[in-house]
Amino acid sequence: MSNVLKGVAAAIAWMVSAGTAAAERIYILSQDGAVLSEVVPGAEAPADGATVALEKGPALLALAPDAPLAYVTHSDLGKVAVVDLDQRRVVRTIDVPGSPFGIAVGKGGRIFVGDWHEDQVIAVDTAGEGEPKLTKVRVGRAPAHVVLSPDGETVFVANREEDSVSVVRTSDMTVSATIPVGHAPFAMTLSPDGARLFVGNMQGGTVSVVDTATLAVRDTWKTGAMPYGAAVTPDGGRVLITHQGGGTVGIFAGTDTALATIKVGSYPEGVAIGENGTRAYVANWFSDNVSVIDLATMKEIRRIKTPAGPRAVAVRSAP
Amino acid sequence: MTRLVKSLCALCFSVVAAGAAFAHGPTPQRADETITIAAPPAKVWEALKTFGDVSWHPGIAKVEATGGNDTGASRTITLATGDLVEGLDEYSDEEMTYGYRLSKENLEAFPVSFYSGKITVTAAGDGSEVTWISRFYRADTGNFPPEHLNDAAAVKAMTEFMQQGLNGLKAKVEGQG
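Residue and element names in this part refer to chain A. According to the domain assignment, chain A contains domain 1 (54-180) and domain 2 (186-319). Placing the centre of domain 1 and that of domain 2 at their C-alpha centroids yields a distance of 21 Å. Counting residues at the interface gives 18 residues for domain 1 and 15 residues for domain 2. Elements with a contribution of two residues or more to the side of domain 1 that touches domain 2: strand 4 (58-63), strand 12 (143-148), strand 13 (154-159), strand 14 (164-169) and strand 15 (174-180). Here the element with the most residues in the side of domain 1 that touches domain 2 is strand 4; it accounts for four residues. Within the side of domain 1 that touches domain 2, the residues separate by chemical class into 14 nonpolar, two polar and two charged.

Moving on to the confidence of the model for chain B. Note that predicted coordinates carrying low pLDDT should not be read in detail. Residue and element names in this part refer to chain B. Taken as a whole, chain B shows an average pLDDT of 87; of its residues, 85% reach a score of 70 or greater. Contacts for the low-pLDDT stretch residues 1-23, under 50 throughout, to residues beyond four places or in other chains number 25 contacts. Model confidence for the complex is summarised by a pTM of 0.89, with the ipTM given as 0.84.

Attention now moves to the sheet that holds strand 15 of chain A. Residue and element names in this part refer to chain A. Strand order in this open sheet of four strands is 12-13-14-15, and the pairing throughout is antiparallel. With partners counted over all chains shown, the strands left at the sheet margins are strand 12 and strand 15, one partner each. Here the strands of the sheet are splayed against their neighbours by 20° on average, with no regard to which way each runs.

As a further point, take the interface of chain A and chain B. Of the residues lining the interface, 22 residues belong to chain A; the matching set on chain B comes to 16 residues. Split by residue class, the side of chain A that touches chain B holds eight nonpolar, 10 polar and four charged.

Here chain A shows a mean pLDDT of 93. Residues at 70 or above account for 93%. Contacts for the low-pLDDT stretch residues 7-21 of chain A, under 50 throughout, to residues beyond four places or in other chains number one contact.

What counts, and where the lines are drawn
Residues numbered from 1 in each chain as written. Chains lettered and ligands numbered in written order. Predicted model: local features only at pLDDT ≥ 70, side-chain atom pairs only at ≥ 80, totals over all residues. Domains from an automatic or database assignment. Contact = placed C-beta atoms within 7 Å. Helix = DSSP H or I, 4+ residues; strand = E, 2+ residues; numbered from the N terminus. Nonpolar A, V, L, I, M, F, W, Y, C, P; charged D, E, K, R; others polar. pLDDT = per-residue confidence, 0-100. Pairing = 2+ DSSP bridges. Axes fitted to C-alpha atoms, helices over the stretch in contact; angles between N-to-C directions.

This is the structure we're talking about:
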């Protein structure tokens, strides 16, 4: 192909991608492949060029609520990579002490990172130039997932080795409460209104449903073996829990047993909801793909091929 | 900081980490082993299907089990290096598969801090195929693991354990004639 033709083709590709820029995007983080993949709804693989190469062993992912940015933890490297989703490249790498694993992102570039080995959560103010300011707070043993309340005032931390959730006030980074939950809490998700926190207890095979007003467990659900990922639909009506044991995802609708349990790939982990609550995306870590679930029919309808070891999924809504 | 001081610090850190609780760390590893066996799937599954019977694995000297083949059943397997306690997470006689996980780690027995696995029999031509997959973490989940407790050591130990088991299963089933 001549250079002119190449140029024309590139221009057309750019116009096509610019023309569809308003659509929703699915972001899949592959740990072994060290890649963040961008997928459009309905696609069976990332498009050519729609991947971002990362440093070794990216673990978890969180999207900024107010900027086209993704934050990725590198537990083994002690770093957080910042990816510009529009430019599809890493624009910054932030050193975070210890083993950064769980991550949540607030407005204005304030991020909250769990340090797995030092039992602390670190608030990192990434706004502006220069070295970011770090504020640390001690939590329980082996902090896993970290989630931020919709008002940005509270961070919840699953303490895997302590069977508890730490409640951290973000204004002064102090622990305001510690809630006992089930055995080995790992993944968590908040209802869209922030009223309920759903905590997957990995060894216990349960979900602790926490009332965030009273900070007490109000219900305990029975899940499949090794719940490892959690997500809620935008209307709060469905809670999805992935099970590493058995390779399934359970769909809960407010009762203590699943409404449906759907077979997915091997060792499913992260799950995210898209298309106004009609689709769920489940990262099948061992199978190297993502299951697409139709939440109306409660069936798997497709698999998205991914680079090796997908662990986390996030959906960026259309603007 | 000089390089010597840095490596000393790394050494101190790993010693401290090794002395602390072996919480499973953030970077899982995998192993995936398959063997073909010249026998029908039902016959292979017959040798495999009792969670509390691992006489097919030459690396396991002894097993004590409770709970039969129900999820939540437990077995203690004795290796030459020590004991490991495993729990049964999923079991399907129909699909000829079961999944289990480590209940209680023992790094002296096996250099993996946490593992789970699944073993499945399927038909392949006139015979069978047995697939064994596993997900696990290195023994020292700190960021500076010594060589005998790192990712490579964990992958090597798990892969060899699975290969030894599958070869044993094949020998046992095919040897029955």
